[in-house]
Each structure stands twice: as structure tokens, then as C-alpha cells.
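The chain contents come next:
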Amino acid sequence: MPKVVYPGSFDPVTNGHMNIIERCAERFEQVIVAVLVNVEKEPLFSAQERLEMLRLCCGHLPNVEVDGFSGLLVDYVRRRGADFIVKGLRAISDFESELQQALMNRRLAPEVDTLFMMTDVEYSFLSSHIVKEIARLGGAVGNLVPPAVEERLRRKLRSEG
Ligand code: PNS
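Let me begin by describing the structure that accompanies this report. In this convention, every chain numbers its residues from 1, walking through the sequence in written order. Predicted model: local features are reported for residues with pLDDT of at least 70 only, side-chain atom pairs are reported and counted for 80 or more only, and whole-chain, interface and lining totals are derived from all residues. Hydrogens and water molecules were not included; the side-chain quantities draw on all heavy atoms of the structure.

**Things to note about the pairing of strand 3 (residues 64-69)**
Part 1: Pairing between strands is defined by DSSP: at least two bridges between them are needed. The numbering of helices and of strands both runs from the N terminus, where a helix is a DSSP run of H or I of at least 4 residues and a strand a run of E of at least 2. With 6 bridges joining them, strand 2 (residues 30-36) and strand 3 adopt parallel strand pairing. Its bridge partner lying in strand 3, V35 is registered against G68.
Part 2: Tracing the backbone out of strand 2, into helix 2 (residues 47-57) and back to the parallel element strand 3 gives a crossover that is right-handed. Here the term right-handed applies to a crossover when the path leading from its first strand over the helix to its second strand runs clockwise, the strands being oriented away from the viewer.

Next comes the structure, spelled out in C-alpha cells:
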């Protein structure tokens, strides 16, 4: 049973991400959720906060590890001795950029393949970006993110004024 890396910014982790993580945990021996530490765009949550929220949300999954990485994803995958990169696909709109990344990653590291998992349909509209926008504008995000994230999102936006 292979070991996989599920990479992302997770700013913050949503129920859509958790859907992929939980399904990977059932299907693979070991799942490493790899948080990109040096996100290009200014993240709402620090790397430490993003890691902490993921660790809280994945605490019930014994074969899931949450780790941070910077630099090239394929270097991290090689370093960790993982077999595959797993990416979630929500809609056809995700496909173009995911294809580009998967092909580039294969050019950089031909032995590393990317597996795509379709996000369950109820999460197909969900993204960290849209969750932050709804929360900023006072909308309810309770059914879009895990409870630990909802609470931190509220606190963070309150402290931002
Ligand atoms: O959640 P995101 O922001 O869509 O995740 C993007 C991520 C982290 C998977 C991607 O930006 C990435 O792999 N970054 C690491 C740098 C890298 O390897 N770049 C070349 C990929 S083609």
C-alpha cells in the first residue's frame, strides 16, 4: 500500500480538503498532508496556524501526518520517499492548472506520478478563497469548514478588525 503526499496551501483547510484526506487515509498506507510554508500570495493564516488547524482536524486519522514544506514539491516527495502526489479535482476549471503542474512535476521528477481524486460533489463549489470571502462579509461558514477552523477564522477576522 503506497505512501502519498497531499500538498496545498490550506489557508485554511476546508471540508473539501478533509473529504480528500479522509478518503486517502482509507485507501493508502500513509498520507502526508504537506503544507506549503512560503505561499507566494500573503496568506490569512501563518504557516504555524495552518499546520496547527490541520493537526487538530486530522487527529482522528492515525495514518495521516501533517508536515510543512518549502521549495519544490517533487524534492519534498523524494525526500519523504513517497510514491505519489495526490491532488483533488473539483471541476473542469481545476484541470488546466493541475495538468500543467502534474506534467511539470513529472518533467522534474519522472518517477513521481500524480493521482487525481474527484472531490465529492457537495464540495465541488468550495475553496479556501471563497470561505474567507464569505467569512469576511459576515456569512456563515459552519458547514464549509471543520469546527476548529470556523472558530479560528472568526477570531482572526475579529482581530483584523
Ligand atoms: O492549495 P494550492 O495553493 O492550490 O497548492 C499549490 C501547491 C502547494 C500544490 C503548489 O503551489 C506547489 O506544488 N508548490 C511548490 C513549488 C513547486 O514545486 N512548484 C512547481 C510545481 S509545477
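**Describing a nonpolar patch on the surface**
Part 1: Each patch is built from residues lacking any salt bridge and having more than 30% relative accessible area; the joining distance is 9 Å for like charges and 5 Å for nonpolar side chains (Val, Leu, Ile, Met, Phe, Trp, Tyr). With residues, only the protein chains shown are counted as cover, and all accessible areas are computed by Shrake-Rupley using a 1.4 Å probe. Any carboxyl oxygen of Asp or Glu that lies within 4 Å of a side-chain nitrogen of Lys or Arg is treated as forming a salt bridge with it. Among the surface-exposed residues, I92, F95, L99 and L103 lie close enough to one another that they form a single nonpolar patch of about 420 Å² accessible area.
Part 2: When you line up the elements, L103 lands in helix 4 (residues 92-108).

**Brief notes about the site of the ligand**
Part 1: In the region of the ligand, the neighbouring residues are G8, S9, L36, F69, G71, L72, L73, K87, Q101, M104 and N105.
Part 2: Pairs of N or O atoms are called polar contacts if they sit within 3.5 Å, as long as, within protein, a hydrogen donor faces a hydrogen acceptor (for residues adjacent in sequence, only side-chain-to-side-chain pairs). For the ligand, an oxygen atom lies 2.5 Å from a polar atom in the side chain of S9.
Part 3: Contact distances for the ligand include 2.8 Å between an oxygen atom and a backbone N or O atom of L73.
Part 4: Relative to its unbound accessible area of 560 Å², the ligand is 69% covered by the protein chains.
Part 5: Among the elements that line the shell around the ligand, the one with the most residues is helix 4, at 3 residues.
Part 6: Counted by class, the shell around the ligand contains 5 nonpolar, 5 polar and 1 charged residues. Nearness is defined per residue: one heavy atom within 4 Å of the molecule or strand is enough. Gly counts as polar in this scheme, as do all residues outside two lists: the nonpolar Ala, Val, Leu, Ile, Met, Phe, Trp, Tyr, Cys and Pro, and the charged Asp, Glu, Lys and Arg.

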